[in-house]
Amino acid sequence: MLMQSSLRAKLQEAFRLRMYFYMTVTAVAFAALLLQLINLQLIQGKEYKAKARLNMESNVPIPAARGDIYDRNFREGEKNVVIVSNRPSFNITTIPAKFKSKKKLYEILDLLSRLFAINKDEIINEINNGNPWERVVLKEDVEFDTIVKLASHQDRFPNIDWEDASVRVYNFSEMFAHVIGYVGSISKDEYRKLKLEGYKHYQKIGKSGIEKQYDRLLRGRDGYVRRIVDVRQRTEGEEVGQRPIAGENLVLTIDYNIQNTLYEAMKDMKGGAIVLKPATGEILALVSKPDFDPNLIISKNNADVIKQLQKDRERPFLNRVIQSKYPPASTFKLVTAVSALETEKATPEKSYYCPGKFTLKGYKDHDFYDYDVHGTVDLYWAIAKSCSVYFYQLGLLTGPTIIMRYAEDFGLNQKSGIDIPGEVAGFVPSRQWKYKTFGQPWFDGDTVNMAIGQGFLHVTPMGMCEFVSALVNNGIVYQPHVIKEIRTNDNSRVLKTFPRKKIREIPLSPLTLQAVKKGMRMGVMSGTSGRLGYLKVPVAGKTGTAQTRSIRQEKYSQHAWFVGFAPYESPPENAVVTVVLVEYGVAGAASAVPIAEKVYTRLNDLGYFSVAPAAAAQQPEAKKAGAVPGKQVMLPQPQVQPKKNAAAPGVPGQAPQKKPVAVKKTD
Amino acid sequence: MLFSKEGLSKIDYALVIAVVLTVFIGILMIYSAGFDPIDKVNNGLYRKQLLWFIFGFILMIGLAIVNYQSLGEFSLHIYVILIILLIITTIFGTPVRNTRAWLNFGVFSIQPSEFMKLGLVIILAKYLEIRERDITRLRELVVPALLTFIPMLIILKQPDFGTAIIFIPILLTMLFVGGADISHLLSIVLIATIAMVVPMVLTYREWIGAEGSNFLLDFFQDVNLLLVVSGVLLLVTLVTFVLHFFSVKKFLRKIYIPGAVISLGLMTSVVIQKLFKVYQKRRILVFLNPDLDPQGSGYNIIQSKIAIGSGGFFGKGFLKGSQSQLGFLPEKSSDFIFSVVAEEWGFFGALVLLALFGFIIFRCVQTAFESKDKFGALLASGIGTILFFHILINIGMAVGIMPVTGLPLCFVSYGGSNLMMSMICIGIMLNIRARKFVY
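Here is what the cut-offs are and how they apply
Residues numbered from 1 in each chain as written. Chains lettered and ligands numbered in written order. Predicted model: local features only at pLDDT ≥ 70, side-chain atom pairs only at ≥ 80, totals over all residues. Heavy atoms only, no water. Helix = DSSP H or I, 4+ residues; strand = E, 2+ residues; numbered from the N terminus. Buried < 20%, exposed > 50% of the residue type's maximum accessible area, 1.4 Å probe, protein only. Contact = heavy atoms within 4.5 Å. Pairing = 2+ DSSP bridges. Phe/Tyr/Trp six-rings, centres within 6.5 Å; stacked < 30°, edge-to-face > 60°. Salt bridge = Lys/Arg side-chain N within 4 Å of Asp/Glu carboxyl O. Buried area = accessible area lost by both parts, 1.4 Å probe. Polar contact = N/O pair within 3.5 Å; in protein donor to acceptor, adjacent residues only side chain to side chain. Nonpolar A, V, L, I, M, F, W, Y, C, P; charged D, E, K, R; others polar. Patch = residues over 30% accessible without salt bridge, like charges linked within 9 Å, V, L, I, M, F, W, Y side chains within 5 Å. Areas by Shrake-Rupley, 256 points an atom, 1.4 Å probe, with all protein chains shown as cover.

A. Spatial organisation of the environment of G376 of chain B. Residue and element names in this part refer to chain B. Along the polypeptide, G376 turns up in helix α19 (residues 374-399). In this structure G376 comes out as buried when scored by relative accessible area, which is 0%. Distance in space between the C-alpha atoms of G376 and I432 is 6.1 Å, their sequence separation being 56 residues. For G376, the contacting residues outside a window of four places in its chain are Y68, S371 and I432.

B. Here's a closer look at the pairing of strand β11 (residues 271-277) of chain A. Residues and elements named next belong to chain A. Counted residue by residue, β11 has 7 buried out of 7 residues, so it is predominantly covered. Burial along β11 is two-sided: the face carrying G271, A273, V275 and K277 and the face carrying G272, I274 and L276 are both buried. Pairing between β11 and strand β12 (residues 282-289): 7 bridges, direction antiparallel. Residue pairing in the sheet places I274 in a bridge with L286 of β12. In this antiparallel pair of consecutive strands, β11 and β12, the connection spans 4 residues, and G281 shows a positive phi of 85°. One ladder, built from 6 bridges, connects β11 with strand β23 (residues 576-582); its direction is antiparallel. In the sheet register, I274 faces β23, and the bridge partner there is V579.

C. Quick look at the packing of aromatic side chains. Counting across every chain of the model gives 36 aromatic pairs over all chains. A ring pair is formed by Y182 of chain A and F292 of chain A, whose centres lie 5.6 Å apart and whose planes are at 80°; its orientation type is edge-to-face. Placement of the pair is Y182 of chain A in the loop between α6 (177-180) and β6 (183-185) and F292 of chain A in the loop between β12 and α11 (294-297), with a sequence separation of 110 residues. Across this residue pair, the class does not change: Y182 of chain A and F292 of chain A are buried. On the numbers, 6.2 Å between centres and 35° between planes, the contact of F318 of chain B with W345 of chain B is tilted. In this pair, F318 of chain B is assigned in the loop between α15 (297-311) and α16 (322-325) and W345 of chain B in the loop between α17 (337-344) and α18 (346-370), connecting sequence segments 27 residues apart.

D. Spotlight on the pattern of salt bridges. By the definition in use, this model includes 30 salt bridges over all chains. The salt bridge involving E78 of chain A is made with R75 of chain A; its shortest N-O contact spans 3.7 Å. The partly exposed category is assigned to R75 of chain A, whose relative accessible area is 26%. Residue K126 of chain B pairs with E129 of chain B through a salt bridge whose shortest N-O separation is 3.2 Å. Taken together, the residues span about one helical turn, with K126 of chain B and E129 of chain B both in helix α6 (residues 112-130) at a distance of 3 residues. The partly exposed category is assigned to K126 of chain B, whose relative accessible area is 21%. One connected set of salt bridges, linked through shared partners, spans R66, R168, E211 and D215 of chain A.

E. Molecular detail of the interface of chain B and chain A. On the side of chain A, 38 residues touch chain B, which itself brings 54 residues to the contact. Across the chain B/chain A interface, buried area totals approximately 4200 Å², and carbon plus sulfur atoms make up 72% of it. Considering only the side of chain B, the residues that lose the most area to chain A are R133, L326 and F369 of chain B, jointly responsible for 17% of the buried surface there. Remark: the boundary between chain B and chain A carries 0 salt bridges. Linking chain B with chain A are 8 residue pairs in polar contact (both at pLDDT 80 or more). Put simply, the parts of the chain that give the side of chain B that touches chain A at least two residues each are α9 (167-178), α15, α16, α17, α18 and α19 of chain B. A per-class count over the side of chain B that touches chain A returns 31 nonpolar, 16 polar and 7 charged.

F. Quick look at a nonpolar patch on the surface. All names here are of chain B. On the surface, L76, V80, I84, I87, I88, I91 and F92 cluster together to form a nonpolar patch covering roughly 650 Å² of accessible area. Along the polypeptide, I88 turns up in helix α5 (residues 75-92). Classification of I88 by relative accessible area gives partly exposed; the value is 35%.

Right, here's the structure in full:
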């Protein structure tokens, strides 16, 4: 019993000890909690208060209006040609998480899709992939009347909301499609890339053309209303935040009148054309056909229209001036001529006899045909009449390496750096390239083909335009561009002008230039571009007819080229280069020349060639807002100088129909 | 003597008042958490909690009257019934957030795992009382361990990781208070630590793509080497143990006990490393360190800390806490109710609540000291342990020094089962206190 009780006392004592330990541990734990509380609430209290404030403030965006876009004749305070502007509109929106169930949400979407032609599946997809508390736009660009109706039937459309929106208006629809481009909802990829620059997931972004290139200037900065919100973005109170800052306005180098003329001239064709002032690189007109109406595709409602356009085999989104490559055909004869003259392989007086075909001697003789029998021709006549036999031989005489080098010097295998995104470079072959690609050396047949712009060569119309610019501008090429100046949104101040930027200088002897230009002039006077001979302004030009293997039914198809400039023999400050390419045209002379004819007539009517050379030389870029060359448009000045026109043949000779040049690969 | 009036006549009013005060703070906070400042409506959870409280209060008084010693007599019955309930719940329970922890009775639902905690404490207290003199032996620990692991495994199956994990500190504390050999307990803790730390460190380094290595890491990375080393160690342990069996020499103990601990720990770690999938190990890591998953549980902790910190000394005022009112604070009426207190009533309110809890725990310890019998003492300390770990883990989670477990704050968090369980605990406590002089 005693033993028992002593053991009991021992156990009791051990228990007490352990309970003391237990109590200590408990006390320490409570002390730790207390210390952390002191740390959070008393020591770091201020920082956490700031964090709590950040949590409950939400900035609701007020969309900024995008900048307007004007043509080159813009003058402050006058009625101007507005190419792109905005109009106020409304979007129908909702917050998906506000619906009690997915079923209810789908019911409402169903009802709305019947009323407004909403693409339901796409919106459901968007909702399922996003944060349910983030606002989703169901239908963009709705009229005020619709909103009124919606508001008066709120009971039928629970949780359906609307917001202000600013819709882009392209006033000339398709006419500027490939210059201006269009805007669209920011894509996931774009958002990921541009998030850090302040782009928001709900914003519109330029998708192509100027809208894309100058998006950062055009978009402005969204303002916001500061709201006190809960975690579900419900508003408890509102504060005025920041007002939106509208985007900056752009003035194009493009002249609406010329663009219009060019666009009308190419109405039913396929191809691209560009009108450019080589003295500055300013583009006066740029048209690519087929095209699209940006007004129809900017809204998210029209996603299927975009898809359809993207699937279109005619590829309306393709800017054929800068994104499409073609064999330069006979227009390349000018390059051959320049390289032969510059390297002194030939003089302009060098003559060959053209019997209508040329036989290349070799292991197996091969005939290259011309479209006509030209007799004995010198370089001038060979250019004017586009005599292929002459250039076959001139090409062989000069050698492929030199021709390639000149083609590369002229930048035919480079991008021009035009301020429209998506440009591609042309392609100039080389011996190594051929060996790598085909495992064959460069044959003389390849040289013969290349001399007349067929074979492996592929250039963009932009590239050809730069080449002609170099001829006109004594070897100097300025970067082509479509933006003249950036202005504040109220047009009151010019923020930035774009002085000409030299991108290339090719040392060319005046004799060479003179000879090639003379040939081109003769082509207009009595050669392949004869139709232009009667114009008041002296034009010089070269036609081309390119053959390409086509994926279409016909085995071969033809692209018609015209490259030219005017006025002939006047200082380069006044000159305007025109390059026209018509896909599947009949022949250069028949399809492309009439377009150039209309353009030059219009340019002349507008007085582009009547500017005093000295004045133009002083201010070629027209930096000041007032000194726009368009100013001279209204001046009733007599047309200067058609001294050579008088000598033009009374009836402009019908351009000779070109027979397809039989250029076939023997190997 | 199943019932007696002594329970009521000698009732500890201070404890009752402290508990009632705590529950009322809880109900006020549930009201605040359920209030929608924009629609100006309340979700009405506070009314349900009030009903649960009234029901719980009656149960508390009831348990104060029943002789707690009869709880010991029926401890096995209670335990078995609760285990059956747990199994039924795990199979047929209504899934809430993928966890089958609730038995639905239409108007209300109960969570048997809450009551299981108390059931385990009662049966452990009874077992330890019976085995008081033998508990220093290692083999006596097998039965308590089994009693604990059975409900734990069922709850892990629900799966409710947070609730399951709390059984381990309850077991260890009960064994400690019950008189188990400290070297045994330490060995168990060490084995478990080694078994968990090795795979966790490896998984963590792999997850964050840690560079560099050293001798120790290379050793732990090589599973086969680990097995061989621990096997050799185990062999040495066995040999020394056998030697010790034949000739009792004290220094041998110094070899085979650490040997057993290390080898068993390493072997278990290999088993864990091989058996658990990577995502499971990562889940445990996130449980230990929510910062690894900033979108998930890490977000909750950040919001909770903002709520508490922004409360300052006096708080933002009742119904004026932006974090809770505007919904940034998650699970604000249950898991993070303490953050609502600290935000709206500041450091002052939090301190009052901590003091109330401190008093309740202190009363439990006091009761354990004063109990006339071992069963009562063990029961009181076990109940104190349940309440203490809930408070420590829940508040620790809210202030960011404990992992996120989803354990409720007793008396305060919304939830009928936990409130009832806690009130029953207090009822038993009142009972033990009332009978401390009765023989």
